[in-house]
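Spelled out from the first residue to the last, the chains are:
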Amino acid sequence: MLSAAIPLRVLALYERQGPDEGDLEAARQAGTLLASKGDRLLFRSEVRGETADLFNRVALALAVLSFAPGA
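Residues numbered from 1 in each chain as written. Predicted model: local features only at pLDDT ≥ 70, side-chain atom pairs only at ≥ 80, totals over all residues. Heavy atoms only, no water.

Visitor: With reference to specific residues and values, describe the overall build of the chain.
Guide: When you go through the chain residue by residue, the secondary structure sums to three helices and zero strands. Taken from the N to the C terminus, the helices and strands of the chain come in the order α-α-α. Dimensions of the chain along its principal axes, counting C-alpha atoms only, are 35 × 20 × 20 Å. Within the chain, the fraction of its 71 residues that count as buried is 27%. Here the analysis covers contacts within the chain between residues at least 6 apart in sequence; of these, 63% occur between residues at least 24 apart. When the accessible surface of the chain is totalled, it reaches about 5200 Å², and 60% of it is carbon and sulfur. Distance between charge centres in the chain, computed from 8 positive and 9 negative side chains, equals 5 Å. (Helix = DSSP H or I, 4+ residues; strand = E, 2+ residues; numbered from the N terminus. Buried < 20%, exposed > 50% of the residue type's maximum accessible area, 1.4 Å probe, protein only. Contact = heavy atoms within 4.5 Å. Areas by Shrake-Rupley, 256 points an atom, 1.4 Å probe, with all protein chains shown as cover. Lys, Arg positive; Asp, Glu negative; His and termini not counted. Charge placed at Lys NZ, Arg CZ, Asp CG, Glu CD.)

Visitor: Can you explain the environment of Leu8? Please cite residues and give values.
Guide: Structurally, Leu8 is set in helix α1 (residues 2-15). When the C-alpha positions of Leu8 and Glu25 are compared, they lie 20 Å apart, and in sequence the two are 17 residues distant.

Visitor: Any details on the side chain of Asp23? Residues and values, ideally.
Guide: Within the fold, Asp23 resides in helix α2 (residues 21-42). Not counting the four nearest positions on each side in its chain, Asp23 is found in contact with Leu13, Arg16 and Val64.

Visitor: Quick rundown of α1? Include the residues and the values.
Guide: Within an α-helix, residues lying three or four positions from one another point in the same direction, as the helix has 3.6 residues per turn. Taking 1.5 Å per residue, 14 residues should reach 20 Å; α1 reaches 20 Å between its end C-alpha atoms and fits that length. For α1, the set of buried residues is Ala5, Ile6 and Leu13. The buried residues of α1 all sit within an arc of 95° when viewed along its axis, so they share a single face. Facing away from the buried side of α1, by more than 90 degrees, are the exposed residues Ser3, Leu8, Tyr14 and Glu15. (Expected span 1.5 Å × (residues − 1). Arc of directions from axis to C-beta.)

Visitor: Tell me about the environment of Ala4, and please be specific about residues and values.
Guide: With respect to the helices and strands, the residue Ala4 is situated in helix α1. Between the C-alpha atom of Ala4 and that of Ala35, which follows or precedes it by 31 residues, the distance is 23 Å.

Visitor: Which residues make up the confidence of the model for the chain, and what values go with them?
Guide: Here the chain shows a mean pLDDT of 93. Residues at 70 or above account for 99%. Across the chain, the secondary-structure element scoring lowest on mean pLDDT is α2, at 92, and the one scoring highest is α1, at 96. (pLDDT = per-residue confidence, 0-100.)

Visitor: Mind laying out the packing of α1 against helix α3 (residues 50-65), listing which residues take part and the relevant values?
Guide: Contact pair α1 / α3: the axes reach a minimum separation of 8 Å and the direction vectors enclose 55°. In terms of axis orientation, α1 runs oblique to α3. For the pair α1 and α3, the crossing hand works out as right-handed. Residues Leu2, Ala5, Ile6, Arg9, Val10 and Leu13 of α1 touch α3, and the partners they reach there are Phe55, Asn56, Ala59, Leu60, Leu62, Ala63 and Val64. Of the residues assigned to the contact of α1 with α3, the class counts are eleven nonpolar, one polar and one charged. (Axes fitted to C-alpha atoms, helices over the stretch in contact; angles between N-to-C directions. Parallel < 35°, antiparallel > 145°, perpendicular 65-115°, else oblique. Left-handed = near helix turned anticlockwise from the far one by under 90°. Nonpolar A, V, L, I, M, F, W, Y, C, P; charged D, E, K, R; others polar.)

Spelled out as structure tokens, the structure:
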């Protein structure tokens, strides 16, 4: 699913002239969130919507990283 989600987010960021400071902060937070709750991404969370939220945050973080110099 990431192979479909990330290009869509990259396109949205590109249309906005790249990520802004809020996007960069969201990407930083996604790393910490993934480290603490990554199992909920692999093995669906019992909390409704939590897995989808985590997936969306990770997809956005990877899209933001695609704009990093040297990437």
